[in-house]
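Secondary and tertiary structure notes
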Amino acid sequence: MTPNEALPLAVIVSSLLPGLIIFALPERRVGLRSALNLLGAVAKLAFVIMLLVGVDAGEEYGFRHTVLPGVELVFKADALALLFVTLSTVLWLFTTVYAIGYLEDSPHRSRFFGFFSLCVTATVGLAMAGNLFTFFVFYELLTLSTFPLVVHRGTPQAMRGGTVYLAYTLAGGALLLTGIVWLHGLMGQVDFVHGGSVAALGPQAEAQLKVVFLLLIAGVGVKAAIVPLHGWLPQAMVAPAPVSALLHAVAVVKAGAFGIVRIVYEVYGVEYAQSLGLLEPLAIAAAITIVWGSLRALTQDDLKKRLAYSTVSQVSYIALGVALFGPVGTIGGLVHLVHQGIMKITLFFAAGNYAETLGVHKVSELDGAGRRMPLTSAAFSIAAFGMIGVAPTAGYVSKWYLGEGALAAGMDWVVAVLWTSSLLNAAYFLPILYRLWFRPRPAAWPAEHIPAHGWRETGWLLLAPPLVTAAAVLVTGVFAEAVWSPLAWAKLIAAREYLQ
Amino acid sequence: MILASLIASLGWPLALLLALWPARTRRLAQALAPLAPLPALWAAAVLPEAAVLELPSVLLGTRLGLDATGRLFLLFTALTWLAAGLYARAYLAHDARRTAFWAFFLATQAGNLGLCLALDLASFYTAYALMTFAAYGLVVHTSTAEAWRAGRIYLVMAVLGELTLIAGLMMTAHAAGSPLVADLRAASPSPLAVGLVTAGLGVKVGLPLLHLWLPLAHPVAPVPASAVLSGVMLKAGLLGWLRFLPLGQAAYPEAGAALLTLGLLAMFYGVALGLTQRDLKVVLAYSSVSQMGFMSLGVGAGLVAPQSWPLLLPAVGLYALHHALAKSALFLGAGVALQAGGRLWVLAGLALPALALAGAPLTSGWLAKTTLKAGLTDLPPLWAAAAAALLPLAAAGTTLLMARLLWLAARLQGKGAAGGLAPVWLAWTLAGIVLPWALLPAGAAAGGPSPPLMATALWPMALGLALAGLAAFLRLRLPVVPPGDLVVPVERVIRALARLRDPHQAMG
């Protein structure tokens, strides 16, 4: 095995191995478990950095393994894969730190962290999948490894949320599998290649290809929470905050959005998808989701539920960018994959901090929380402004490129969608900021678990992750055009996808 | 040196803002906060025109620097913030929440100064957004029920304005293929893009119907904040127009006609509603709506008749300078009057900027109005005739409104000594008389003072004073219109809709 084959494997193994060991660890080995978790996360980051440097220089990474004749597991760590892998790896590191702090002294931590590691393993595997079959394997692994996390608390509410989650995602998986098998029947194994490969089937297959597109997109659209396939996401918010971070930012919804990217660009090819007239309906579905999610978010008093509906809306920006025919829209969609991740994870970390520290779960209980927890609230505010799209945050950059992409594609109506969505974002985030900073604090918090000590408003492990990710929201926005920014990487991908 | 100067202009207010947080440096930061605009002032005074700082990796590719327009705006913006800051030190001496005030004051200021330096749309918008959102803290500072209501309306309209602006800028940038002001100004955006930019910034400028927040938010803020809100922050919208509209390039008859109409309407609407007010600061806020109408008129003329833009640009700049100085002096003076009562020296101090606003000969207002009129001659005949007929009447209206202001001020009962407020105010009032002449942009007021020009300025004032005298003689009772005028029915409709949707819960 050459180094260029081994490196992608190392990225997968670096979380798989610690995960398997952790399952076997007794509950009380907190130190060893945390060390394994962090070691895996740091090692994975190191491997990813090596991949990034290599891919930037034009190296190609990947390997194939034949499972059955005609069915191969294929991995390729190209620029697009690395966009998602890097995001997941970095956010996984923060989420692990946060989860260690969040789950201090709670039961079943070995089980939790075991599945936690499997979840990120599935995510990076899916990101580096080089064909539809491999993608599907890891897509299902992701479903199975996140289900125990969603129901972790074991309450009736959690079980119900988990059941809904499983029903939706397994049904989505079935649709995806149907599409893949159909396509296999037409042309054999479908590798992901720049510019797509199905166009070679010729005009007589067009009708079938349209149906297959619908099946594939609906299959991944469940995880991407495209309306009306989004019902599981608000239910799943019963999960603990670190799991919400995984669902909303690191892994699950991203896996769906990423699937859309791969299917449009590397199965169908964006030019061919456009010629079949598939992109405009996708853009319309994304636009409906964007507005619908925001409308539902407006009326939620449960903070995590409001954030969940906000995710429904925001993740479809990625699909929207993909559906805008042209490199600028692609850049907007791809960069939002990263930007949405760092913004939403900040919001969920902060929501978790309010719950763990003060027992606050509802928007209406947040009055004056900014005085009690200024750092958490500052992080929340930065991310909220990002979601609205106020400069100089990451969200501004996303929306700008999406808008410019829409105009370049001649789809001017998308600007009206962005306008409406941003207005709704403001309408459900600004009242929270108003409560945090401008309302007087209550005489007592619902359930204050962690007392304040000077600067330390809550545990360090809970405080540090949102501060770092909030800083990232600002840095990726302010230095959007720097060579190391997510935007620069998205431009690199777009250049490679369109210059075929 | 350019780099250091530009960084200090924005960095110094922001550094003071950060220094407010730790208890150890808080007192020092508060003591230095009024001096926050000094580096920007220095930059406006000495930086050469060619000085441009390119930061290609920041935002969408940032360019900071000073062209003639930016320098003028930075100069009066920094000066007004300096005066307001010095005034605020005395005004807030006994305010328990002054740390919060200074924090919002400095953040708003950094945004306001930054947008004068921005030569690309992303950095302009960044600074503009910082200014807009931070100013919310100034509006609601007093924490009264009126302040919360004003703040809510301010924020809703500000967000609508910014999103509309961004949509317009997206389209303009798409047409230009570049985020730089120089390229945006040379592009030919669609009429829709021009309309969106005009309307989005029009919220800040206070165009009629987009002004609803203004008579609520400006008066409810603490006096030094009102002075900068009305004096310079409205001009941020105007500067945006100058930066992003294709003025002097191509004719945009529809947008231009709309802006001309709204400008003319604003002049009289502001006066008419201002006259019905009892609160000095609300009168002044409506006067701002009226005065911004003159500047909107100039920009609208530039859209209709691009060939006259070389004459109009200095006129609009001069008008902005004049109004910034006069209106901030009037707000600071209103604060003194509310404290010390309608004493003679207070009324005399208020009368000076009031005369300037009315366009009395040899004042900054006279200079600005004469220059503006000269720029309007090249309009299509109908517009030229309308402007020629209505501008003197608007000046008469301003005189009437200022008479009303002084009359209201004269009847105020004092609550105590004005303390440290008066010296800052009086110094600023005097500065407002001298500075416009010292800073006169080249090419402005080419004619110079001459007897016929003075006569044309005098009759509208005489008319205004005569009307004021007549009203006083007849003891005319004016109807009372609630501040924010049309916002009241709008709020009712929204409440009714909220009740329809959720009968148990009124609007929060």
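Above: the structure in question.
How each quantity is defined
- Residues numbered from 1 in each chain as written.
- Chains lettered and ligands numbered in written order.
- Predicted model: local features only at pLDDT ≥ 70, side-chain atom pairs only at ≥ 80, totals over all residues.
- Heavy atoms only, no water.
- Helix = DSSP H or I, 4+ residues; strand = E, 2+ residues; numbered from the N terminus.
- Rg over C-alpha atoms; globule rule 2.2 N^0.38 Å.
- Buried < 20%, exposed > 50% of the residue type's maximum accessible area, 1.4 Å probe, protein only.
- Areas by Shrake-Rupley, 256 points an atom, 1.4 Å probe, with all protein chains shown as cover.
- Lys, Arg positive; Asp, Glu negative; His and termini not counted.
- Charge placed at Lys NZ, Arg CZ, Asp CG, Glu CD.
- Contact = heavy atoms within 4.5 Å.
- Axes fitted to C-alpha atoms, helices over the stretch in contact; angles between N-to-C directions.
- Parallel < 35°, antiparallel > 145°, perpendicular 65-115°, else oblique.
- Left-handed = near helix turned anticlockwise from the far one by under 90°.
- Nonpolar A, V, L, I, M, F, W, Y, C, P; charged D, E, K, R; others polar.
- Salt bridge = Lys/Arg side-chain N within 4 Å of Asp/Glu carboxyl O.
- Polar contact = N/O pair within 3.5 Å; in protein donor to acceptor, adjacent residues only side chain to side chain.
- Expected span 1.5 Å × (residues − 1).
- 1 Å grid on protein atoms, 1.4 Å probe; cavity = no way out; pocket = protein on both sides within 12 Å on 5 of 7 lines; lining within 4 Å.
- Points joined across faces, edges and corners; volume = space filled by probe spheres on them.
- Core = buried A, V, L, I, M, F, W, Y, C linked by side-chain atoms within 4.5 Å.
- Phe/Tyr/Trp six-rings, centres within 6.5 Å; stacked < 30°, edge-to-face > 60°.
- Pairing = 2+ DSSP bridges.

Moving on, we get to the overall build of chain B. Across its full length, chain B carries 20 helices and two strands. Here the C-alpha radius of gyration of chain B, 22 Å, is about what a compact globule of 508 residues would show, namely 23 Å. With respect to the three principal axes, the spread of C-alpha positions in chain B is 65 × 65 × 55 Å. Out of the 508 residues in chain B, the part that is buried amounts to 59%. By element, 72% of the accessible surface of chain B is carried by carbon and sulfur atoms, the whole surface being about 18400 Å². Averaging the coordinates of the 29 positive side-chain charges in chain B and doing the same for the 14 negative ones gives two points 14 Å apart.

Moving on: the overall build of chain A. Looking only at helices and strands, one finds 20 helices and two strands in chain A. Over its C-alpha atoms, taken along the principal directions, chain A stretches across nearly 70 × 55 × 45 Å. Across the 500 residues of chain A, 63% fall into the buried class. A separation of at least 24 residues holds for 80% of the contacts in chain A among residues at least 6 apart in sequence. Here chain A displays about 16300 Å² of accessible surface, and carbon together with sulfur accounts for 68% of that area. Averaging the coordinates of the 29 positive side-chain charges in chain A and doing the same for the 26 negative ones gives two points 11 Å apart.

If you want to describe how two helices pack, look at the angle between their axes and the distance between the axes. Residues and elements named next belong to chain B. It is the contact of helix 5 (residues 98–117) with helix 6 (residues 121–139), at a shortest axis distance of 7 Å, that shows an interaxial angle of 155°. Between helix 5 and helix 6, the angle falls in the class roughly antiparallel. Pair helix 5 / helix 6 crosses with left-handed handedness. Residue-level inspection shows Phe101, Phe104, Phe105, Ala107, Thr108, Ala110, Gly111, Asn112, Gly114 and Leu115 of helix 5 in contact with helix 6, the latter providing Phe124, Ala127, Tyr128, Leu130, Met131, Ala134, Ala135, Gly137 and Leu138. Here the contact of helix 5 with helix 6 is composed, by residue class, of 14 nonpolar, five polar and no charged.

When the parts of a complex come together, some accessible area is lost, and that lost area is often taken as the interface size. Between chain B and chain A, the residue contacts involve 31 residues of the former and 31 residues of the latter. If you look at where chain B meets chain A, you find zero salt bridges. Our count for the contact surface shared by chain B and chain A stands at four residue pairs in polar contact (both at pLDDT 80 or more). Those elements that provide at least two residues to the side of chain B that touches chain A are helix 6 and helix 7 (145–176) of chain B. Examining the composition of the side of chain B that touches chain A, we find that 13 residues originate from one element, helix 7 of chain B, more than from any other.

The next subject is helix 14 (residues 309–340) of chain B. Residue and element names in this part refer to chain B. Taking 1.5 Å of rise per residue, 32 residues should cover 46 Å, and helix 14 covers 45 Å from first to last C-alpha, within 8% of that figure. Taking burial as the measure, the 32 residues of helix 14 include 27 buried ones, the bulk of the element. Gly341 lies just past helix 14 and shows a positive phi near 85°.

Further remarks concern empty space enclosed by the protein. With the rule as written, the count across this model stands at two cavities of 30 Å³ or more. In this model, the largest cavity occupies a volume close to 200 Å³. The wall of the largest cavity is formed by 18 residues, among which Ile388, Gly389 and Ser422 of chain A together with Leu163 and Ile166 of chain B lie closest to the centre. Where the lining of the largest cavity is concerned, the elements lending two or more residues are helix 17 (394–408) and helix 18 (413–438) of chain A together with helix 6 and helix 7 of chain B. Looking at which element gives the most residues to the lining of the largest cavity, the answer is helix 7 of chain B, with six residues.

With 356 residues, the main nonpolar core has Ile260, Tyr268, Tyr354, Phe380, Tyr396 and Phe429 of chain A together with Leu121 of chain B as its most contacted residues. The greatest single-element share of this core, amounting to 19 residues, is contributed by helix 14 of chain B.

What follows concerns the packing of aromatic side chains. Scanning all chains against the criterion turns up 37 aromatic pairs over all chains. Plain terms: the ring middles of Tyr98 of chain A and Phe349 of chain A are 4.4 Å apart, the flat faces sit at 35° to each other, and that makes the pair tilted. Separated by 251 residues along the polypeptide, Tyr98 of chain A in helix 3 (residues 79–102) and Phe349 of chain A in helix 14 (residues 327–358) bring together distant segments of the chain. Residue classification places Tyr98 of chain A among the buried positions, given a relative accessible area of 0%. Ring centres of Tyr428 of chain A and Phe429 of chain A lie 4.9 Å apart, and the angle between their planes is 45°; this geometry places the pair in the tilted category. The exposure class of Phe429 of chain A is buried, given its relative accessible area of 0%. One aromatic cluster in this structure is built from Tyr434 and Phe438 of chain A together with Phe104, Tyr136 and Trp148 of chain B.

Quick look at unusual backbone geometry now. Put simply, Val227 of chain A and Pro228 of chain A share a cis peptide bond, and its omega is 10°. Looking at the secondary structure, you find Pro228 of chain A in the loop between helix 7 (206–223) and helix 8 (232–235). Between Ala391 of chain A and Pro392 of chain A the backbone carries a cis peptide bond, its omega angle lying at 5°. Assignment of secondary structure puts Pro392 of chain A in the loop between helix 16 (374–388) and helix 17. Even without glycine at this site, Arg475 of chain B takes up a positive phi of about 50°. Residue placement: Arg475 of chain B occurs in the loop between helix 19 (451–473) and helix 20 (487–501).

Another aspect to go through is the environment of Ile318 of chain A. Residue and element names in this part refer to chain A. In this fold, Ile318 is placed in helix 13 (residues 303–323). Counting along the chain gives 137 residues from Ile318 to Trp455, while the straight-line C-alpha distance between them is 38 Å. Excluding its chain neighbours within four sequence positions, the residues that come into contact with Ile318 are Lys254, Ala257, Val261, Gly333, His336 and Leu337.

Residue and element names in this part refer to chain B. Pairing geometry for strand 1 (residues 52–55) and strand 2 (residues 62–65), over four bridges, is antiparallel. By the bridge assignment, Leu55 is partnered in strand 2 with Thr62. Linking two consecutive strands that pair antiparallel, namely strand 1 and strand 2, is a turn of six residues; a positive phi of about 55° is found at Leu59 within it.

In this section: the environment of Pro228 of chain A. In this structure Pro228 of chain A comes out as exposed when scored by relative accessible area, which is 63%. Expressed as a C-alpha distance, the spacing of Pro228 of chain A and Ala218 of chain A, which sit 10 residues apart in the sequence, is 10.0 Å.

This brings us to the packing of helix 13 of chain A against helix 14 of chain A. Residues and elements named next belong to chain A. Viewed as axis vectors pointing N to C, helix 13 and helix 14 meet at an angle of 170°, and their least axial separation amounts to 8 Å. Between helix 13 and helix 14, the angle falls in the class roughly antiparallel. Residues Leu303, Lys304, Leu307, Ala308, Ser310, Thr311, Gln314, Val315, Tyr317, Ile318 and Gly321 of helix 13 lie in contact with helix 14, whose contacting residues are Gly329, Thr330, Gly333, His336, Leu337, Gln340, Lys344, Leu347, Phe348, Ala351 and Tyr354. When its residues are assigned to classes, the contact of helix 13 with helix 14 shows 11 nonpolar, nine polar and two charged.

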